[in-house]
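Single-letter residue listing:
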Amino acid sequence: MSTQELLEPLKSIAREAGEAIMRVYETGMTQVEIKKDDSPLTRADRESNSIICSRLEDLPVHYPIFSEESNILPYDERRPYQTCWLVDPLDGTKEFISRNGEFTVNIALIEDGNPILGVIYVPLTRELYYATKGEGAFWEKDGSSGAMHVTEFSMQDNGLKVVCSRSHLDPDTRAFIDRLHHPECVSRGSALKFIMIAAGEAQLYPRLAPTMEWDIAAGQCIVEEAGGFVVDFHTGIPLRYNKESLLNPSFLAGGRIA
């Protein structure tokens, strides 16, 4: 199947997972477990993960699935995989627990280390964002749809809008922001930060605190197809996936630099 042929079933999978998340959310009773890495886990994470993995396995083409909530193969075993899925079944679990609505479902298809298809679904608002390599980035909501485009800017511009993590604003990121000219900072949870860049609602998203591959792969695909970039903060090289360490380097996402 081509990426375009995979897109429609992938959108349906993301929506189905989002519905499961909202059923838990609407009960108002969120039981939280703490994982080995001290991050939180809820029933919504587990149910969304079960739906996504099951539906991906039912597709006519079968690729390995690397999910935040599943066991990850050792690098020696997954290194030969040229194509794989990266899944974050509930990105923004802290936002889910705090009930601010800023959580997403993220699914990306990786080929030769690059994201070639990305879907981000916002369960609370039922907004869907997606992109396939070479075909542009788009949004859908309530039967309407449209293309997404980043804004053009210069790093010397006054008043650049910088989107930051609501839960992870570290001192190094703060120092980067302070070097800009009168920036306007906006906090967002989960992959919504990438959506703001792709939609032209912000110009920069610096992230120097730790993230995992499944957190950002779908967002990178959408931002790039909207005309922007997601690069290693220190080298300027686009991020790659299915690395030996699934931990991302510090990165900078943004629109189109003039």
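Residues numbered from 1 in each chain as written. Predicted model: local features only at pLDDT ≥ 70, side-chain atom pairs only at ≥ 80, totals over all residues. Heavy atoms only, no water.

Asker: Mind laying out the packing of aromatic side chains, listing which residues take part and the relevant values?
Answerer: Counted according to the given criterion, the structure contains ten aromatic pairs. Between Tyr25 and Phe96 the ring centres are 5.3 Å apart and the planes differ by 50°, which places this aromatic pair in the tilted class. Within this pair, whereas Tyr25 is found in helix 1 (residues 3-27), its partner Phe96 is found in helix 4 (residues 93-98), the two being separated by 71 residues in sequence. Each member of the pair Tyr25 and Phe96 is classed as buried. The interplanar angle of 90° and the centroid separation of 5.4 Å between the aromatic rings of Tyr205 and Phe251 together place this pair among those described as edge-to-face. On the criterion of sequence distance, the pair formed by Tyr205 in strand 13 (residues 204-207) and Phe251 in strand 15 (residues 251-254) is long-range, its members being 46 residues apart. Neither residue differs from the other here; Tyr205 and Phe251 are each classed as buried. By the ring-pair criterion, three or more aromatic residues cluster together here, those being Tyr25, Phe96 and Phe103. (Phe/Tyr/Trp six-rings, centres within 6.5 Å; stacked < 30°, edge-to-face > 60°. Helix = DSSP H or I, 4+ residues; strand = E, 2+ residues; numbered from the N terminus. Buried < 20%, exposed > 50% of the residue type's maximum accessible area, 1.4 Å probe, protein only.)

Asker: Describe the pairing of strand 9 (residues 144-147), with residues and values.
Answerer: Within a regular strand, side chains alternate between the sheet's two faces. As paired strands, strand 8 (residues 137-141) and strand 9 are joined by four bridges and run antiparallel to one another. Bridge pairing links Lys141 to Ser144 in strand 9. Remark: two residues form the turn of the hairpin made by strand 8 and strand 9, two consecutive strands paired antiparallel; Asp142 in that turn has positive phi of roughly 50°. (Pairing = 2+ DSSP bridges.)

Asker: Any chance you could break down a nonpolar patch on the surface for me, citing the residues and the numbers?
Answerer: Together, Val32, Ile34 and Ile97 make up an exposed nonpolar region whose accessible area comes to about 240 Å². Position of Ile97 relative to the elements: it lies in helix 4. (Patch = residues over 30% accessible without salt bridge, like charges linked within 9 Å, V, L, I, M, F, W, Y side chains within 5 Å. Areas by Shrake-Rupley, 256 points an atom, 1.4 Å probe, with all protein chains shown as cover. Salt bridge = Lys/Arg side-chain N within 4 Å of Asp/Glu carboxyl O.)

Asker: Residue-level account of helix 1, with values.
Answerer: Taking 1.5 Å of rise per residue, 25 residues should cover 36 Å, and helix 1 covers 36 Å from first to last C-alpha, within 8% of that figure. Most pronounced at Pro9, the bend in helix 1 amounts to some 25°. (Expected span 1.5 Å × (residues − 1). Bend = angle between axes of the 7 residues up to and from the residue.)

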